[in-house]
Amino acid sequence: MKFFIDTANLAQIKEAHDLGILDGVTTNPSLMAKEGIKGEEAIMNHYKTICEIVDGDISAEVLSTEFNAIIAEGQKLAAIHPNIVVKVPMIRDGVKAIKWFTDNGIRTNCTLVFSAGQAILAAKAGAAMVSPFIGRIDDSNWDGVELIAQIANIFSIQGFKTEILAASIRSSLHIVKCAEAGADICTCPLDPILGMLKHPLTDIGLAKFLEDAKKM
Ligand code: G3P
């Protein structure tokens, strides 16, 4: 399973990259706004900087919702760097645009996916990745991880090549459960990634080894 970091914060991107386990980055308009990135030029420059830090897939989200505007915006984003994956929302014009991008050699990540039906449509249109938002599904009293397993099963039966990118990850356990359910990629904030390092028995065991090492 690949690890992406889900943030537009450059310090956090660098920290995850320094750990040596980072395969890519996802952002969205909320995450960009949180970092105070405003205006087309600043947005483009921010994506460029992220591409310079991480040599992997970098999702850049379109803000348009109408077919022609999505295409124009996606082409601009894709021109920033070969690693840019154009992130397109799961709406009617979005599906049409994903098909157009696929036919024209631009990779896409279909975002805001909350059902297996939506994932099938995105895969049929040729999306490189499909992003089910598992934390938000949990918030609505459904099981986000179960959706990952369902999509993984369908894609395997049908031979779809679209990668399942588990998004809206809220905890280290989410990451483990998504790995178990067949996600190809997990995109997570930094804390759940670092949380996977921790176990109290590791700390106790290491303290004892270091203590005993003094007697060696
Ligand atoms: O990758 C999607 C993610 O940014 C949404 O996360 O926590 O806002 O549901 P959240």
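Structure shown above.
Since the structure is predicted, the reported quantities are computational estimates derived from the model, not experimental observations. (Residues numbered from 1 in each chain as written. Predicted model: local features only at pLDDT ≥ 70, side-chain atom pairs only at ≥ 80, totals over all residues. Heavy atoms only, no water.)

Undergrad: I'd like to hear about the environment of Gly94, residue by residue, with values.
TA: Inspection of the secondary structure puts Gly94 in helix 5 (residues 92-103). Classification of Gly94 as buried rests on a relative accessible area of 0%. (Helix = DSSP H or I, 4+ residues; strand = E, 2+ residues; numbered from the N terminus. Buried < 20%, exposed > 50% of the residue type's maximum accessible area, 1.4 Å probe, protein only.)

Undergrad: So what about the site of the ligand? Which residues, and what values?
TA: Taken together, the residues surrounding the ligand are Asp6, Asn28, Leu31, Phe133, Arg136, Ala167, Ser168 and Arg170. Contact between the ligand and Ser168: an oxygen atom at 2.7 Å from a side-chain N or O atom of the residue. A distance of 2.9 Å separates an oxygen atom of the ligand from a polar atom in the side chain of Arg170. Across the complex, the protein chains shield 80% of the 310 Å² of accessible surface that the ligand would expose by itself. Residue classes in the shell around the ligand are distributed as three nonpolar, two polar and three charged. (Near = heavy atom within 4 Å. Polar contact = N/O pair within 3.5 Å; in protein donor to acceptor, adjacent residues only side chain to side chain. Areas by Shrake-Rupley, 256 points an atom, 1.4 Å probe, with all protein chains shown as cover. Nonpolar A, V, L, I, M, F, W, Y, C, P; charged D, E, K, R; others polar.)

Undergrad: Go over helix 9 (residues 172-181), please, and point to the residues and values.
TA: Buried within helix 9 we find Ser172, His174, Ile175, Cys178 and Ala181. Contact partners of the buried residues in helix 9: strand 1 (2-6), helix 7 (134-139), helix 8 (144-158), strand 7 (163-166), strand 8 (185-188) and helix 10 (190-195). One or two positions beyond helix 9, positive phi appears at Gly182, with a value near 100 degrees. (Contact = heavy atoms within 4.5 Å.)

Undergrad: A description of the nonpolar core should follow, citing residues and the corresponding values.
TA: Counting residues in each nonpolar core, the largest one holds 61 residues, and the members touching the most others are Leu77, Ile84, Phe101, Ile148, Ile169 and Cys178. Of all the elements, helix 8 adds the most residues to this core, at six residues. Of all hydrophobic cores here, the second largest spans seven residues; its members include Phe4, Val85, Ala167 and Ile185. (Core = buried A, V, L, I, M, F, W, Y, C linked by side-chain atoms within 4.5 Å.)

Undergrad: Can you explain the pattern of salt bridges? Please cite residues and give values.
TA: Within this structure, the stated rule accounts for 11 salt bridges. Residue Glu61 pairs with Lys87 through a salt bridge whose shortest N-O separation is 3.7 Å. With a gap of 26 residues between them, Glu61 in strand 3 (residues 57-61) and Lys87 in strand 4 (residues 84-89) connect regions that are remote in the sequence. On the accessibility criterion, Glu61 (11% relative accessible area) is buried. The salt bridge involving Lys177 is made with Glu180; its shortest N-O contact spans 3.8 Å. One end of the pair is Lys177 and the other is Glu180, both in helix 9 and three residues apart, which spans about a single turn. Given the relative accessible area of 63%, Glu180 is considered exposed. (Salt bridge = Lys/Arg side-chain N within 4 Å of Asp/Glu carboxyl O.)

Undergrad: Residues and numbers for a nonpolar patch on the surface, please.
TA: Taken together, the side chains of Leu173, Val176 and Met196 define a hydrophobic patch exposed on the protein surface, amounting to about 270 Å² of accessible area. Mapped onto the secondary structure, Val176 falls in helix 9. (Patch = residues over 30% accessible without salt bridge, like charges linked within 9 Å, V, L, I, M, F, W, Y side chains within 5 Å.)

Undergrad: Let's hear about the side chain of Thr111: which residues, and what values?
TA: In this fold, Thr111 is placed in strand 5 (residues 108-113). If we ignore the near neighbours within four places in the chain, the residues touching Thr111 are Glu61, Lys87, Val88, Pro89, Met90, Ser131 and Phe133.

Undergrad: Kindly report on the packing of helix 8 against helix 9, identifying the contributing residues and their values.
TA: Angle between the axes and distance between the axes: these two values describe a pair of packed helices. Interhelical geometry of helix 8 versus helix 9 gives an angle of 20 degrees and a closest axis separation of 8 Å. Comparing the axis directions of helix 8 and helix 9 gives the class roughly parallel. Here the hand of the crossing between helix 8 and helix 9 comes out right-handed. Residue-level inspection shows Val145, Ile148, Ala149 and Ala152 of helix 8 in contact with helix 9, the latter providing His174, Lys177, Cys178 and Ala181. Considered class by class, the residues forming the contact of helix 8 with helix 9 number six nonpolar, one polar and one charged. (Axes fitted to C-alpha atoms, helices over the stretch in contact; angles between N-to-C directions. Parallel < 35°, antiparallel > 145°, perpendicular 65-115°, else oblique. Left-handed = near helix turned anticlockwise from the far one by under 90°.)

As far as function goes, none of this settles anything; it's purely spatial.
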